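One letter stands for each residue in the lines below.
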Amino acid sequence: MESGRVDRYNLQSGIHRGGYYRAFPKTKRAAATFAWQFAHGGSVTGLSSDPCNRTLITAGLDGVLRTWDLKARKLAKETALPGPIARVAHHRPTALVACVVEGAAAKDGGILVLDTLAEKVVRRFPGHGGRITDVGFSEDGQWLLSASLDCTVAVWDVPAGRALQVLHLSRPVTSVSLTPQKDMLATTRAHMRGIYLWANQEI
């Protein structure tokens, strides 16, 4: 939500199960009195839970990646990044989160990969020539794909920290998805209907 609010609902009944809020002391003298704020200070741009539904990861345009206790709805930790987080991709088995960070501090669209358990940035990939529209990990977490309005799709080797390949297409790419076997790539493109499939023969 644009307000930065994050709420939890029961999927079957639709009953509201509470929200995620940050607590701050109102004054130094009255440390026991808290003011409550929404999960983020700007629009929420990403949500993801771990495989066991113990933690919730949220990202926002306030440039902060936060980890919450999913059931208790309490803030566990947070990592400030150098600019607004526009998009995120979470690889649950490895607890890696790729964040598209926009703004001058991030050189207009860099991709930072964070280890949420160690609470640190482990990989940095450069941005594209245009706004990044989508990011996603391969099933095994070895590759990270990013799509951009500059009509390119980049494939990054996460362990090696380098680019494997850059695909140049005829139109801006709006989303990407890789099959678990990494043999087929699906894309959607701006102002074009349908899903386009690409055979992986060179990577």
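Thresholds applied
- Residues numbered from 1 in each chain as written.
- Predicted model: local features only at pLDDT ≥ 70, side-chain atom pairs only at ≥ 80, totals over all residues.
- Heavy atoms only, no water.
- 1 Å grid on protein atoms, 1.4 Å probe; cavity = no way out; pocket = protein on both sides within 12 Å on 5 of 7 lines; lining within 4 Å.
- Points joined across faces, edges and corners; volume = space filled by probe spheres on them.
- Helix = DSSP H or I, 4+ residues; strand = E, 2+ residues; numbered from the N terminus.
- Pairing = 2+ DSSP bridges.
- Axes fitted to C-alpha atoms, helices over the stretch in contact; angles between N-to-C directions.
- Polar contact = N/O pair within 3.5 Å; in protein donor to acceptor, adjacent residues only side chain to side chain.
- Contact = heavy atoms within 4.5 Å.
- Phe/Tyr/Trp six-rings, centres within 6.5 Å; stacked < 30°, edge-to-face > 60°.
- Buried < 20%, exposed > 50% of the residue type's maximum accessible area, 1.4 Å probe, protein only.
- Salt bridge = Lys/Arg side-chain N within 4 Å of Asp/Glu carboxyl O.
- Nonpolar A, V, L, I, M, F, W, Y, C, P; charged D, E, K, R; others polar.
- Core = buried A, V, L, I, M, F, W, Y, C linked by side-chain atoms within 4.5 Å.

Attention shifts here to empty space enclosed by the protein. This structure, assessed with the given rule, holds two cavities of 30 Å³ or more. In this model, the largest cavity occupies a volume close to 60 Å³. Elements supplying a minimum of two residues to the lining of the largest cavity: β6 (64–69), β7 (74–80) and β10 (110–115). Broken down by element, the residue count for the lining of the largest cavity peaks at three residues, all from β7.

So, on to the sheet that holds strand β12 (residues 132–137). The strand order across the open sheet built from four strands is β12-β13-β14-β15, with neighbouring strands paired in antiparallel fashion. Only two strands of the sheet have a single partner each, and these edge strands are β12 and β15 (162–168). Averaged over neighbouring strand pairs, the angle between their axes works out to 15° when direction is ignored. Sheet topology places strand β14 (residues 152–157) next to β15; six bridges connect them, and they run antiparallel. The residue bridging Thr-152 from the neighbouring strand is His-168, located in β15.

On to the side chain of Thr-152. Assignment of secondary structure puts Thr-152 in strand β14. Reaching out from Thr-152, the side chain makes a polar contact with the side chain of His-128 at a distance of 2.8 Å. In contact with Thr-152, not counting residues within four places along its chain, are His-128, Ser-146, Ala-147, Val-166, Leu-167, His-168 and Val-173.

The next subject is the packing of aromatic side chains. Tallied over the full model, the rule gives three aromatic pairs. Ring plane angle 70° and centroid distance 5.7 Å describe the contact between Tyr-20 and Trp-68, whose orientation is recorded as edge-to-face. Highlighted residues: Tyr-20 in strand β2 (residues 16–25) and Trp-68 in strand β6, separated in sequence by 48 residues. Here Tyr-20 matches Trp-68 in class, with each residue buried.

So, on to the pairing of strand β17 (residues 184–189). Where strand β16 (residues 173–178) and β17 come together, five bridges link them in antiparallel fashion. Looking at the pairing, Ser-177 lines up with Ala-186 of β17. Adjacent in sequence and paired antiparallel, β16 and β17 are bridged by five residues, among which Lys-182 carries a positive phi angle near 60°. Where β17 and strand β18 (residues 196–199) come together, four bridges link them in antiparallel fashion. Note that in β18 the partner of Leu-185 across the bridge is Trp-198. Hairpin geometry of β17 and β18 is characterised by an intervening segment of six residues between the two adjacent antiparallel strands and by a positive phi of about 60° at His-191.

Let's shift gears to the pattern of salt bridges. Proximity of charged atoms lets side chains of opposite charge pair with each other. Counted according to the given criterion, the structure contains four salt bridges. The salt bridge involving Asp-7 is made with Arg-5; its shortest N-O contact spans 2.7 Å. Classification of Arg-5 by relative accessible area gives partly exposed; the value is 30%. For Asp-62, the salt bridge goes to Arg-66, with nearest N and O atoms at 3.1 Å. On the basis of relative accessible area, Arg-66 is assigned to the buried category, the value being 4%. Here the salt bridges do not stand alone but share partners, grouping Asp-62, Arg-66 and Glu-78 into one network.

For the rest of this paragraph, the subject is the layout of surface pockets. Considering only enclosed or pocket space, the second largest pocket measures out at about 150 Å³ in volume. For the lining of the second largest pocket, the residue count by class is five nonpolar, five polar and three charged.

In this structure, Ala-98, Ile-111, Val-113, Phe-137 and Leu-144 are the most contacted members of the largest nonpolar core, which totals 15 residues. Contributions of two or more residues to this core are made by β8 (85–91), β9 (96–101), β10, β12 and β14.

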